[in-house]
Amino acid sequence: MSRIRTEMIDEKITWQDITTGAEIDEPATSLLINTGEWRVMRPRFLEDKCKQCLLCVPFCPDSSIPVKEGRRSDFDFDHCKGCGICVKVCPFDAIDFVKEEK
Ligand code: SF4
Ligand code: SF4
């Protein structure tokens, strides 16, 4: 053990003496990371069956169902993780679930 380190231990180190470690300098980075690459199943939007009730939208944990002017569009596959919740909640069978092709 180096002399400096030994001396610091003798002096009882406080948290203020410790070098700053990892710092989070901005919230949330998911916009920059394509977490959709984790997906093994893929929801498929069957637009002709969709009634635009938007029930699926608030259930998506990844905000991957874009809505513009009160209408949903196809999934944001950069971020959809294929959890299948939207498939379950759609009352009109307008979303089916297929194996992801890589
Ligand atoms: S829940 Fe089904 S019908 Fe309603 S907006 Fe979503 S996909 Fe369309
Ligand atoms: S499969 Fe899951 S993550 Fe993907 S759009 Fe549906 S609810 Fe969102």
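Note that the coordinates shown come from a computational prediction; the quantities given were computed from them, not determined experimentally. (Residues numbered from 1 in each chain as written. Chains lettered and ligands numbered in written order. Predicted model: local features only at pLDDT ≥ 70, side-chain atom pairs only at ≥ 80, totals over all residues. Heavy atoms only, no water.)

A. Seen up close, the overall build of the protein. When you go through the protein residue by residue, the secondary structure sums to three helices and four strands. Going from N to C terminus, the protein has its helices and strands arranged as α-β-α-β-β-α-β. Classification of the 102 residues of the protein by burial places 24% in the buried group. Counting only contacts in the protein whose residues sit at least 6 apart along the sequence, the fraction spanning at least 24 positions is 64%. Roughly 8200 Å² of accessible area belongs to the protein as shown, and the carbon and sulfur atoms make up 55% of that amount. (Helix = DSSP H or I, 4+ residues; strand = E, 2+ residues; numbered from the N terminus. Buried < 20%, exposed > 50% of the residue type's maximum accessible area, 1.4 Å probe, protein only. Contact = heavy atoms within 4.5 Å. Areas by Shrake-Rupley, 256 points an atom, 1.4 Å probe, with all protein chains shown as cover.)

B. Structural context of the pattern of salt bridges. One pass over the full model with this rule turns up four salt bridges. Of the charged contacts, one joins Asp96 and Arg44 as a salt bridge, the two residues approaching to 2.7 Å between their closest N and O atoms. Of this pair, Asp96 sits in strand β4 (residues 95-99) while Arg44 sits in strand β1 (residues 41-45), and the two are 52 residues apart along the sequence. Asp96 sits in the partly exposed class, given a relative accessible area of 23%. Here Lys81 ties to Asp62 by a salt bridge, and the two come within 2.6 Å at their closest N and O atoms. Pair noted here: Lys81 is in the loop between β3 (71-72) and α3 (85-89) and Asp62 is in the loop between α2 (56-59) and β2 (67-68), with a separation of 19 residues, a long-range link. Residue classification places Lys81 among the partly exposed residues on the basis of a relative accessible area of 25%. A relative accessible area of 24% places Asp62 in the partly exposed class. Here the salt bridges do not stand alone but share partners, grouping Arg39, Arg42 and Glu100 into one network. (Salt bridge = Lys/Arg side-chain N within 4 Å of Asp/Glu carboxyl O.)

In short, geometric facts, not functional conclusions.
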